[in-house]
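# Descriptive analysis of the structure
Below are the chains, spelled out letter by letter.
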2 protein chains.
Amino acid sequence: MTDNKVNENKYIAQNINEANKIAVERLMSVQPVLTDIDTALNVLPGMTPHTILHSGPPITWGRMCDPMKRAVKGALILEGLAKDDKSAEKLMKSKKIILSPNHYHGTVGPMTGIISASMPLIVTKDMTYGNTSYSTFNEGGGKVLWFGAVEEETIDKLRFIRDEFAPVMKKVIKKTGGVPIWSVLAQGIQMGDECHNRHAASTNIFLKSIVEPLFSLNISKEKAFKVYKFIAGNSHFFLNITMTACKLAMVAASDIENSTIVTAMSRNGTDFGIRVSGLGDKWFIAPSPLLLDALYNPGYGLDDGAPDIGDSSIIETMGLGGFAIAAAPSMASFADGGFQDSVNITKQMGLITTTKNSKFGIPSLDFEGTPTGIDIRKVVETEILPSINSAVVHKSTGVGQIGAGIVHAPYECFTSAVMAFGEHYDLAA
Amino acid sequence: MTDNKVNENKYIAQNINEANKIAVERLMSVQPVLTDIDTALNVLPGMTPHTILHSGPPITWGRMCDPMKRAVKGALILEGLAKDDKSAEKLMKSKKIILSPNHYHGTVGPMTGIISASMPLIVTKDMTYGNTSYSTFNEGGGKVLWFGAVEEETIDKLRFIRDEFAPVMKKVIKKTGGVPIWSVLAQGIQMGDECHNRHAASTNIFLKSIVEPLFSLNISKEKAFKVYKFIAGNSHFFLNITMTACKLAMVAASDIENSTIVTAMSRNGTDFGIRVSGLGDKWFIAPSPLLLDALYNPGYGLDDGAPDIGDSSIIETMGLGGFAIAAAPSMASFADGGFQDSVNITKQMGLITTTKNSKFGIPSLDFEGTPTGIDIRKVVETEILPSINSAVVHKSTGVGQIGAGIVHAPYECFTSAVMAFGEHYDLAA
């Protein structure tokens, strides 16, 4: 290499490092507050009665995995656009329904992540930069849309959430004056939540904060108890709220000229896509991987699972979940690991990230912050892949969740992104 | 040593080991359930309107430390037996008031541990062996009797607890059908509680379990909120409940012929006493130590603290608190320690105990159970002293808590106990 070339490379690296510093500073300075509940059609930019939003990068009906298709059809039934699976299937083939990724509308959804017009959404505002993000309420376990398990009870539960639960929660959230999400998660990290697959403590903390607003409403006790029990019975309730906060953090870190920080990792069950701050809205895509390191329910195995799915990896993009797994070693046990494995994973994530987020101090690492700000260059150089805590959904039968474990973002997404970055900024290889 | 002597020693050791095995099996098989709330005078064996119970081994008025004296006088005012500090002092000197240790009445109390006749008590039943134990409600922080900080607001709060809080909680606990305490603590250990100085998660779990019973009572919302807020505002609320459960475990392990298992460690702010299973109710006493490893509030230091005080070390006797500190590394930071120090302490406690209690799996130790069943022989042999998470109260000014940290049970208690054991069982040295 000539001296000029060395100097040029140094200059470029310096530019990138400075841009990344800005990106992670913005990421860490967001103040996400759960402020409202509203209907998708009311609040989502670009939403129509005939639009269905889904997790992951853009995808056509034909390429969608089975559980996502099932969830889309369930949403059409909920909306009254189809009366059953058959008519929903027909409607989808008619191409009258617009499919669009959550990420294009400021929304994020776990697993299938399906959002339709009448669904009530969590509305989260970033008090620093003024952005807004959205997600559905978490439905809990069993026959649920987010796992593509659509039966009559699935639709009944969605109706309950829409018609009974959400109107009460809207009043509750208004009464709280807003729930600061980082504050809940900062406590959660001290209490064994990695804030993706484990939200037991965070959900309890959230519950505690809404008891007074809920029971002071002028509604019947029965109604209040129904709302309370729905949350208390679902230790994953806070997951979707966490996702909205992480989305806001990544929005704040987006579109920084020269930055190589990853601003989204997302999967639709077919493709795995990432976005990079300095490269705008472009997706860098690879086939979504299977969950090789997972604990499957009895009777199920690797062959039964759909490829990884959901927008929930926005949590890892923000430095929680798999990146904070040392805070919740039980999550490593899904991948046959112990405490030391959980520490190793968090430490490894430190090698592909830019900083530590001191808001989230991991007790077993002497309260060191979570590794934050994935740098595509570091992933490509080290070949260490972002580790994501995830769940497995059945690939064809519609039974819903069949396991949980750890999955890694595909290397190919990062090499494509690095190449595109080089081209975009006209950097010599 | 002659061959006969060697064989005799082996035989003795075998007897002791078998007895200890029985003791720890009994300890671990108790099923403590919070079943009721009732008044001390109603339920405590041997309680009279003129009796004041205190923490630690027996002690006379003259030998009591200042904060305990203050708390005794506060209780006399609460009971209407004295109108102010001066008349309370006079009453105590008249010897008309009977002082008795909590441990003689099936009760335990943190810090000063003062219990008087009209105080409402937590009633916990062991569903395995049928024993019952008791404690007061935790008053929280500030000017509170358990820290010997007695002002008008202290008495007002005790009146609120007695006259408003307890009657509601009695109904609530009845409605729950009983709160299984180990179940709360087993979850708490997974959420960063060591279950002595940190009860934040356990208190949240408890709160969650009483919301429905509380708000379904036929009382005004204001009354229900007042009760709810009292618990929600005190992350130590569950401490006293934990203590009743640990007391039941140690009662079950008591009075096992030949057993060298410690069944109580307790301090009255002057003396530190332990009891041993095979030696009945006898206390083995040494001066209570100061908290050398503590974080003091600004303006306070070692010289300001009273010697260690409270029955709460029943928690360590049962294998939680300091013995489980690896579950709550932030507790080690009070003693200037980090995560590894917390692990080291728990590991060390493994060297002086008999078994691991698998109910309480510590995440950072790959869910290994907490070290349980202190053996006086092992303490004497290894010179490793039981590590207790504790708080410091001011020795003279009545300001209440001035710090928190780690204290060690005095070696002398264990050497005395070993010698007494030898004499009692007629063992040659």
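Residues numbered from 1 in each chain as written. Chains lettered and ligands numbered in written order. Predicted model: local features only at pLDDT ≥ 70, side-chain atom pairs only at ≥ 80, totals over all residues. Heavy atoms only, no water.

## Here's the deal with the relation of the copies chain A and chain B
Mapping chain A onto chain B is achieved by rotating through 180° and translating by 0.0 Å along the same axis, at an RMSD of 0.0 Å. Taken together, these values place the two copies in the relation of a two-fold axis. Minimal C-alpha distance to the rotation axis in chain A is attained by Met191 of chain A, lying at 2.0 Å. (Least-squares fit on C-alpha atoms with pLDDT ≥ 70 in both.)

## Describing the sheet that holds strand 11 (residues 309–310) of chain A
Residues and elements named next belong to chain A. Sheet architecture is open: four strands sit in the order 9-8-7-11, paired in antiparallel fashion. The two strands at the open ends of the sheet, each matched to only one other strand, are strand 9 (284–287) and strand 11. Here strand 7 (residues 262–268) pairs with strand 8 (residues 271–276) via five bridges, running antiparallel. From the neighbouring strand, Ala264 faces strand 8, where its bridge partner is Arg275. Lying over the sheet, helix 13 (residues 411–424) contacts strand 7, strand 8 and strand 9, oriented at roughly 155° with respect to strand 9. (Pairing = 2+ DSSP bridges. Helix = DSSP H or I, 4+ residues; strand = E, 2+ residues; numbered from the N terminus. Contact = heavy atoms within 4.5 Å. Axes fitted to C-alpha atoms, helices over the stretch in contact; angles between N-to-C directions.)

## Some remarks on the side chain of His103 of chain A
Residue and element names in this part refer to chain A. Within the secondary structure, His103 sits in the loop between strand 3 (98–101) and strand 4 (120–126). Among the residues examined, His103 registers a relative accessible area of 5% and is labelled buried. Within polar-contact distance, the side chain of His103 engages the side chain of Lys247 at 2.8 Å. Sequence-distant contacts of His103, defined by excluding residues within four places in its chain, comprise Val108, Lys247, Ala264, Ser266, Arg275, Trp283, Asp311 and Ile314. (Buried < 20%, exposed > 50% of the residue type's maximum accessible area, 1.4 Å probe, protein only. Polar contact = N/O pair within 3.5 Å; in protein donor to acceptor, adjacent residues only side chain to side chain.)

## Thoughts on the pattern of salt bridges
Taken as a whole and assessed by the stated rule, the structure comprises 28 salt bridges over all chains. For Arg159 of chain A, the salt bridge identified is with Asp156 of chain A, shortest N-O distance 3.7 Å. With a gap of three residues between them, Arg159 of chain A and Asp156 of chain A both fall in helix 5 (residues 152–176), about one helical turn apart. Classification of Arg159 of chain A by relative accessible area gives partly exposed; the value is 34%. The salt bridge involving Arg63 of chain B is made with Asp271 of chain B; its shortest N-O contact spans 2.8 Å. Highlighted residues: Arg63 of chain B in the loop between strand 2 (51–54) and helix 3 (66–78) and Asp271 of chain B in strand 8 (residues 271–276), separated in sequence by 208 residues. On the basis of relative accessible area, Arg63 of chain B is assigned to the partly exposed category, the value being 42%. According to the relative accessible area criterion, Asp271 of chain B is buried, its value standing at 8%. Each of Lys73, Asp85, Glu89 and Lys93 of chain A takes part in salt bridges that share partners, so that together they form one network. (Salt bridge = Lys/Arg side-chain N within 4 Å of Asp/Glu carboxyl O.)

## Describing the domain arrangement of chain A
How big an interface is tends to be stated in terms of accessible area lost as the parts join. All names here are of chain A. Assigned domains of chain A: these are domain 1 (32–241) and domain 2 (255–424). Contact between domain 1 and domain 2 buries roughly 3300 Å² in total, counting both sides, with carbon and sulfur atoms accounting for 63%. The interface formed by domain 1 and domain 2 contains 19 residue pairs in polar contact (both at pLDDT 80 or more). For the side of domain 1 that touches domain 2, the secondary structure elements donating two or more residues are helix 3 (66–78) and helix 6 (181–190). Here the side of domain 1 that touches domain 2 gets five residues from one element, more than from any other, and that element is helix 6. A class-by-class count of the residues in the side of domain 1 that touches domain 2 yields 19 nonpolar, 12 polar and seven charged. (Domains from an automatic or database assignment. Buried area = accessible area lost by both parts, 1.4 Å probe. Nonpolar A, V, L, I, M, F, W, Y, C, P; charged D, E, K, R; others polar.)

## Overview of the state of the cysteines
One pass over the full model with this rule turns up zero disulfides over all chains. In this model Cys413 of chain A remains outside any disulfide bridge; the closest cysteine sulfur is found in Cys65 of chain A, 16 Å from its own. (Disulfide = S-S within 2.5 Å.)

## Let's talk about helix 3 of chain A
All names here are of chain A. The first and last C-alpha atoms of helix 3 sit 18 Å apart over 13 residues, in line with the 18 Å expected at 1.5 Å per residue. Taken residue by residue, helix 3 has Pro67, Met68, Ala71, Val72, Lys73, Gly74, Ala75, Leu76, Ile77 and Leu78 as its buried positions. In the core, the buried residues of helix 3 are packed alongside strand 2 (51–54), helix 4 (85–93), helix 5, strand 7, strand 11 and strand 14 (387–393). Just beyond helix 3, the residue with positive phi is Gly80, at close to 75°. (Expected span 1.5 Å × (residues − 1).)

## Points about the packing of aromatic side chains
Overall, the coordinates contain 29 aromatic pairs over all chains when judged by the stated rule. Their ring planes at 50° and their centres at 5.5 Å tell us that Phe206 of chain A and Phe238 of chain A sit as a pair that is tilted. You can see Phe206 of chain A sitting in helix 7 (residues 200–215) and its partner Phe238 of chain A sitting in the loop between helix 8 (221–232) and helix 9 (239–252), a full 32 residues away along the chain. The two residues Phe206 of chain A and Phe238 of chain A agree in class, both being buried. Ring centres 4.5 Å apart and planes at 40° place the aromatic pair Phe421 of chain B and Tyr425 of chain B in the tilted group. Here the two residues Phe421 of chain B and Tyr425 of chain B agree in accessibility, since each one is buried. Above the face of the Trp61 of chain A ring, Lys69 of chain A is positioned so that its terminal group lies 5.2 Å from the ring centre. (Phe/Tyr/Trp six-rings, centres within 6.5 Å; stacked < 30°, edge-to-face > 60°. Lys NZ or Arg CZ within 6 Å of the ring centre and 35° of its normal.)

## Some remarks on the nonpolar core
In terms of nonpolar packing, the biggest core is built from 195 residues, with Met169 and Phe206 of chain A together with Met169 and Phe206 of chain B touching the most fellow members. Beyond its immediate sequence surroundings of up to four residues, Phe206 of chain A is in contact with Leu34, Met169, Ile173, Val179, Ile231, Phe237, Phe238 and Ile241 of chain A. (Core = buried A, V, L, I, M, F, W, Y, C linked by side-chain atoms within 4.5 Å.)

## Focus: the sheet that holds strand 7 (residues 262–268) of chain B
Residues and elements named next belong to chain B. Reading across the sheet, the four strands line up as 9-8-7-11 and stay open at both edges, with antiparallel pairing between neighbours. One side of each edge strand has no neighbouring strand; the edge strands of this open sheet are strand 9 (284–287) and strand 11 (309–310). Running over the sheet, helix 13 (residues 411–424) touches strand 7, strand 8 and strand 9 and is turned about 155° from strand 9.

## Considerations on the interface of chain A and chain B
Between chain A and chain B, the contact holds 28 residues from the first and 28 residues from the second. Counting each side, the surface lost to burial between chain A and chain B is near 2500 Å², with a carbon and sulfur contribution of 62%. Summed over the shared surface of chain A and chain B, the number is two salt bridges. Lys229 of chain A is the salt-bridge partner of Glu212 of chain B, the closest N and O atoms lying 3.5 Å from each other. At the surface where chain A touches chain B, the tally comes to 12 residue pairs in polar contact (both at pLDDT 80 or more). Listing elements by their share of the side of chain A that touches chain B, those giving two or more residues are helix 7 and helix 8 of chain A. Here the element with the most residues in the side of chain A that touches chain B is helix 7 of chain A; it accounts for nine residues. Here the side of chain A that touches chain B is composed, by residue class, of 15 nonpolar, seven polar and six charged.

## Some remarks on the pairing of strand 14 of chain A
Residue and element names in this part refer to chain A. Strand 14 sits mainly inside the fold: seven of its seven residues count as buried. Residues Ser387, Asn389, Ala391 and Val393 line one face of strand 14 and the alternating positions Ile388, Ser390 and Val392 line the opposite face, and both faces are buried. Two elements, strand 14 and strand 15 (residues 401–408), share seven bridges in a ladder whose sense is antiparallel. For Val392, the partnering residue across the bridge sits in strand 15 and is Gly403.

## Details of a negative patch on the surface
A cluster of acidic side chains, namely Asp293, Asp336 and Asp341 of chain A together with Asp366 of chain B, defines a negative patch on the protein surface. Residue placement: Asp366 of chain B occurs in the loop between strand 12 (353–362) and strand 13 (368–374). The exposure class of Asp366 of chain B is partly exposed, given its relative accessible area of 46%. (Patch = residues over 30% accessible without salt bridge, like charges linked within 9 Å, V, L, I, M, F, W, Y side chains within 5 Å. Areas by Shrake-Rupley, 256 points an atom, 1.4 Å probe, with all protein chains shown as cover. Lys, Arg positive; Asp, Glu negative; His and termini not counted. Charge placed at Lys NZ, Arg CZ, Asp CG, Glu CD.)

## Some details on the environment of Val211 of chain B
Residues and elements named next belong to chain B. Looking at the element boundaries, Val211 is found in helix 7 (residues 200–215). Exposure remark for Val211: the relative accessible area of 1% places this residue in the buried category. For the pair Val211 and Phe339, spaced 128 residues apart in sequence, the C-alpha to C-alpha distance is 35 Å.

## Things to note about the environment of Asn197 of chain B
Residue and element names in this part refer to chain B. Relative to the elements of secondary structure, Asn197 occurs in the loop between helix 6 (181–190) and helix 7. Residue classification places Asn197 among the buried positions, given a relative accessible area of 16%. Those residues within four positions of Asn197 in sequence are excluded, and the remaining contacts are His236, Met331, Asn389, Ser390, Ala404 and Gly405. At 3.1 Å, the side chain of Asn197 and the backbone oxygen of Ser390 are in polar contact.

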